[in-house]
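Examination of the molecular architecture
One-letter residues, chain by chain:
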Amino acid sequence: LLYKIMQHGDWLQAQSQTIADGIGIENNRALTLAKSLHMIGVMFPEFDSAATWEATGRELLFDSARGQT
């Protein structure tokens, strides 16, 4: 289970680059992805990538929220 959660965090991180580079941050998909990435980083700090997930998720979350106004 933990291995699959770690894989999902890595996948979310890769998708966050796709959203930042092309799709745009002003849609609900970006907001949901950012929230999920941030939550995995917070809930599983024992993973090596958790700090990166949390920081990327938080940054994308605020950018996405700003873009929706």
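Small disclaimer: the values here were computed from a predicted structure and weren't measured.

Reading guide: rules and limits
Residues numbered from 1 in each chain as written. Predicted model: local features only at pLDDT ≥ 70, side-chain atom pairs only at ≥ 80, totals over all residues. Heavy atoms only, no water. Helix = DSSP H or I, 4+ residues; strand = E, 2+ residues; numbered from the N terminus. Polar contact = N/O pair within 3.5 Å; in protein donor to acceptor, adjacent residues only side chain to side chain. Contact = heavy atoms within 4.5 Å. pLDDT = per-residue confidence, 0-100. Salt bridge = Lys/Arg side-chain N within 4 Å of Asp/Glu carboxyl O. Buried < 20%, exposed > 50% of the residue type's maximum accessible area, 1.4 Å probe, protein only.

Here we look at the side chain of threonine 56
Relative to the helices and strands, threonine 56 is located in helix α3 (residues 50–67). Reaching out from threonine 56, the side chain makes a polar contact with the side chain of glutamine 13 at a distance of 3.4 Å. Polar side-chain contacts of threonine 56 include one of 2.8 Å to the backbone oxygen of threonine 52. Residues contacting threonine 56, with those up to four places away along its chain left out, are Gln13, Ser16 and Leu37.

Some points on the confidence of the model for the protein chain
For any part of a model where pLDDT is low, the fine detail of the predicted coordinates should not be relied upon. Here the protein chain averages 88 in pLDDT, while 93% of its residues score no lower than 70. Mean pLDDT across the elements of the protein chain ranges from a minimum in helix α1 (residues 2–23), with 87, to a maximum in helix α2 (residues 28–43), with 91.

Let's talk about the pattern of salt bridges
Within this structure, the stated rule accounts for 2 salt bridges. A salt bridge links glutamate 54 to arginine 58, with the shortest nitrogen-to-oxygen separation between them at 3.6 Å. Pair noted here: glutamate 54 and arginine 58 are both in helix α3, with a separation of 4 residues, about one helical turn. We classify glutamate 54 as partly exposed; its relative accessible area is 25%. Across the pair aspartate 63 and arginine 66 runs a salt bridge whose closest N-O atoms are separated by 2.9 Å. Of this pair, aspartate 63 and arginine 66 both sit in helix α3, 3 residues apart, which is roughly one turn of the helix.

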